[in-house]
Amino acid sequence: MRALASPDSKRCLMPRERLLVKSATVPGRLDAVVVGAGFSGLYMLHKLRELGLSAKVFDSASDVGGTWYWNRYPGARCDIPTTDYAYSFDPELDKEWTWSEKYATQPEILDYLRFVADRYGLRSDIEFSTSVTSARWDEQENRWRITTDRGNEVSSRYYIMASGCLSMPKPPDIEGAGRFAGQVYFTSRWPHEGADFTGQRVAVIGTGSSGIQAIPLIARQAGELTVFQRTPNFSIPAHNGPAPADRLKQLAEDREGYRHAARWSRGGIPTELTDILGIAASDEVRRQRFEAAWEQGELFAILGVFADQGFNPASNDIVAEMIREKIRSAVSDPETAETLSPKDHYFGTKRPCLDTSYFETFNLPHVRLVDLRRQPITSITEDGIDTPDESFDIDALVFATGFDAMTGALVGVDVVGRDGLSLKEKWAAGPSTYLGLTTVGFPNFFMITGPGSPSVLSNMTVSIEQHVEWIADCLKDMSTEGFETVEPTELAESGWDQHVRDCGAITLYPTANSWYMGANVPGKPRVFLPYIGGVDAYRRACDDVAAQGYLGFRMTGPRGDRCQDGVIRRMQPDVAMVLDMIAQLGLPPLDALPVADARAMMAAVATARPPGPEVGEVIDGVMPGPDGDLPYRLYRPPSSAEGPHPIVVYFHGGGWVLGDLDSDDPLCRDLCARSGAIVVSVNYRHAPEARFPAAAQDAFTAVQWVDANAAMLGGIPGQLAVAGWSAGANIAAVACQLARDAGGPRLSGQLLLTPVVDSDMTRLSYTENGDGYILTTALMRWFWDHYANPADRGDPRAAPLRGHLEGLPPACIVAADFDPLRDDGIAYASALGASGTPVHLIRARGHTHTSLTMVDVVISGAPVRAEIAAALSDFFPAVTAPAR
Ligand code: N01
């Protein structure tokens, strides 16, 4: 570590030149109270002072540092390269400090924070060795009443928790934990004078990041070291040493550019993201990418070997297995190597570790690994640790058992908001926040890196700076506009919670028993706590909230209230990502192209997508149509599902103009595999070559033919449904009406995915979603113009909503939120329902017209398709496979 003398250093004694509001001068009355003097609290204090606000920071420690004050165990370092793990708000500060290593040690990081505190003269507003015990919102005064363990009470306009995500140690949950008579250490509360294990018999419980960092160093001193492992963890070598030369060069050449890129990166470090899929890459590419990440020794590199490893189990397993190979080659004893190899969770879903010679430590003769899965601890005793078969006598016991992460410190203070509701009570079933910054019922209360923000999944310093700056801007804006309180609305908060869940749900993260899920603390609700949508996406959401007049916040003041209510992110995150990617391709709109070019473009796009699931059999054939043969493709369910099966006649989408048997192939496979029905996809005649009513006639003829040939196709005669997507759903709906009018075939059901049912394009969903979501109003008009003369567009064979709706088969209709056709589908569902037809309306929340069809691309579509397939299966009476 080196702090360069700066000619500007004295500037740090903050001249309060940018005062916005006059500071409070009454003793005990403050503008802001901050809990915690770590990275967050120090910067928050600095910003509050810049705003001219009176503020006090309380911290239970005797000095600044937060997590770096407490976690002094041997080997404690950060796991983000320290070039990136530093403040960037002040370019001068940024230049004045040089880190001595790629991953700095705890003492060096603590020195840095002391340096920062001194540089900006922060200590005078920090009360050390003082814990905030309670904070109560005073409704009359619109202020927080805050009490400390020293018996002080202060009144503050704002209450800001900068208390850290991993600061509340998890209480030991092992029988007899308090009985051991020898030396007991907690990695999270290590003594300042250190510990000397020379020649001692030492036990370490816990093999998370703390244990994995400490164990090699404890092993150097101990006479005997026994490591008690409950879950093996993925760890990669840190390859510590000097800071990476390429990064130093980038910083030297363009520090501000580098920091800017970090702020707008996925994880808070400028990183080139790959689009290589693990499942599709060659063995050679897989190996090469993995080894490069292994050599780099950085978490984001190993977490980003493949674009799909975070959500595709097969891709994840490629990386996981390569790490297990490395463990096997590092550890001499094969049984120990197996015990150290993680197999019960996907790589990355528990935080991976960075180590220095961790696995090799188990080759030392005095180091032993005890697998608690096979040999659980029955009790800690006065002398050591008992397991069913063995007692371990020890001199020192180290708990590296982790934290009550993300929420523990927040609910550790008795925070009581409006109507006497405490934060602990409110979050009894898991935290609920708006942007991870605020929570309903707690006015003027902010959390820095709270649950629902990127926090622990990101480079914390970048996330901390973003939060502090957003809070400071909010306070400044409130002051400018004369507001005294700010609080999120129920709608905004529940919308954000949903978005946070949606982001987690498309990944493998919620599958693990991790502290990200609260699973490490007995009794804690299982909720995926951080926001995994990315630092960049998160920053954009926060900026958008502010730009939209603090959307989702209610602000009050003597001059009146303001509330711009709403939800900031309603679209499924992967749908938004796909739309972004498509936008970046800069393709011309389909409706600007000649039909042949539009078809060629659709075909080209289709070649680049995943194939969809395996089915039992795929057969191409032809059937007679009204004007020549119609090609069809039959999908038979996987061979495990014995036939015969019900049959679904399917019609592809494409506005009666585009599409063919290939265009909807992955969707047909998915429907077939999930529902257990045979899917017969029919390629009907297209416009403009064959205009209305050719497609509808073909559809009805196809239904008649499949019905007549059901047994030959392997189907169950009489068990026939129709299905279609978009314009295909239009002709499926029409076929049902024609079948009813013709007195057959009898249909078991109609599945209409985001259907076109009317030529009226004035419904609200056209106004809301007519542009920007692939199917646009302009494209819909282009389709209609190619398909049907204006005079024909009211014909029920073009607009089935305008037909007679009695006597139709049960329907499942899917309406997507961001679809111009959304209200068409809803209108058809209610009209059918009013005519006595059983209807199952599925609202595809956060989806577009096309996103549900993007099998294995839009992951969030999978649960909706599962629901659709279940509805499809419900059309048919339970089928018993015939005895052979
Ligand atoms: O805590 P952990 P940690 N009986 O929860 C085991 C950050 N950090 O302090 O997995 C037996 O990861 C538990 O077992 P299991 C970093 O984000 C960063 O190590 O629950 N064992 C696990 O092995 C990290 O992820 C750095 O089955 C018990 C271990 O104890 C986070 O802090 C350094 C047990 C706890 O691992 C937490 O890391 C250190 C029981 N009753 C930490 N209870 C940097 O490098 C728990 N365990 C920046």
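Residues numbered from 1 in each chain as written. Predicted model: local features only at pLDDT ≥ 70, side-chain atom pairs only at ≥ 80, totals over all residues. Heavy atoms only, no water.

## Structural notes on the environment of G744
Move 1: Within the secondary structure, G744 is located in the loop between helix 22 (727-742) and strand 29 (749-753).
Move 2: Judged by relative accessible area, G744 falls into the buried class, the value being 18%.
Move 3: If sequence neighbours within four positions are ignored, G744 has contacts with F700 and A739. (Helix = DSSP H or I, 4+ residues; strand = E, 2+ residues; numbered from the N terminus. Buried < 20%, exposed > 50% of the residue type's maximum accessible area, 1.4 Å probe, protein only. Contact = heavy atoms within 4.5 Å.)

## Structural notes on the site of the ligand
Move 1: Lining the immediate environment of the ligand, one finds 26 residues, of which K170, D173, S210, T231 and K350 sit closest.
Move 2: In the environment of the ligand, an oxygen atom lies 3.5 Å from a nitrogen or oxygen atom belonging to the backbone of G208.
Move 3: One nitrogen or oxygen atom from the main chain of A400 is found 3.2 Å from an oxygen atom belonging to the ligand.
Move 4: If the ligand stood free it would expose 900 Å²; the protein chains cover 90% of that surface.
Move 5: Counting residues per element, the shell around the ligand draws most heavily on helix 5 (residues 209-221), which supplies three residues.
Move 6: Residues that form the shell around the ligand fall into these classes: nine nonpolar, nine polar and eight charged. (Near = heavy atom within 4 Å. Polar contact = N/O pair within 3.5 Å; in protein donor to acceptor, adjacent residues only side chain to side chain. Areas by Shrake-Rupley, 256 points an atom, 1.4 Å probe, with all protein chains shown as cover. Nonpolar A, V, L, I, M, F, W, Y, C, P; charged D, E, K, R; others polar.)

## A short note on a nonpolar patch on the surface
Move 1: On the surface, I582, L585, L587, V605 and I774 cluster together into a nonpolar patch covering about 410 Å² of accessible area.
Move 2: Along the chain, the position of I774 falls in the loop between helix 23 (764-769) and helix 24 (777-787).
Move 3: By relative accessible area, which is 33% here, I774 ends up partly exposed. (Patch = residues over 30% accessible without salt bridge, like charges linked within 9 Å, V, L, I, M, F, W, Y side chains within 5 Å. Salt bridge = Lys/Arg side-chain N within 4 Å of Asp/Glu carboxyl O.)

## Regarding the sheet that holds strand 26 (residues 645-651)
Where strands meet in a sheet, backbone hydrogen bonds hold them as pairs that are either parallel or antiparallel.
Move 1: Strand order in the open sheet made by the eight strands is 24-25-27-26-28-29-30-31, with mixed pairing throughout. Of all the strands in the sheet, just strand 24 (617-625) and strand 31 (839-848) have a single pairing partner and so form its edges. Strand after strand, the sheet turns through a mean of 25 degrees between neighbouring axes, direction not considered.
Move 2: Relative to strand 31, strand 30 (residues 811-818) runs parallel, the two sharing seven bridges. (Pairing = 2+ DSSP bridges. Axes fitted to C-alpha atoms, helices over the stretch in contact; angles between N-to-C directions.)

## Here's the deal with the packing of helix 7 (residues 283-296) against helix 9 (residues 313-330)
Move 1: One way to put it is that helix 7 packs onto helix 9 with a least axis distance of 11 Å and a crossing angle of 60 degrees. By the angle between their directions, the pair helix 7 and helix 9 is classed as oblique. Between helix 7 and helix 9 lies a crossing of right-handed hand. For the pair formed by helix 7 and helix 9, the contact residues are R286, R287, F290, E291 and W294 on the first element and I318, V319, M322, I323, E325 and K326 on the second.
Move 2: Looking at the contact of helix 7 with helix 9, its residues break down into six nonpolar, no polar and five charged. (Parallel < 35°, antiparallel > 145°, perpendicular 65-115°, else oblique. Left-handed = near helix turned anticlockwise from the far one by under 90°.)

## What about the packing of helix 19 (residues 665-675) against helix 26 (residues 861-874)?
Move 1: With their axes 9 Å apart at the nearest point, helix 19 and helix 26 run at an angle of 60 degrees to one another. One way to sum up the angle between helix 19 and helix 26 is to call them oblique. Taken as a pair, helix 19 and helix 26 cross one another with a handedness that is right-handed. Across the interface between the two elements, L667, D670, L671, R674 and S675 from helix 19 touch A862, R865, A866, I868, A869, L872 and S873 from helix 26.
Move 2: Classifying every residue of the contact of helix 19 with helix 26 by side-chain character gives seven nonpolar, two polar and three charged.

That's the geometry; what it means functionally is another story.
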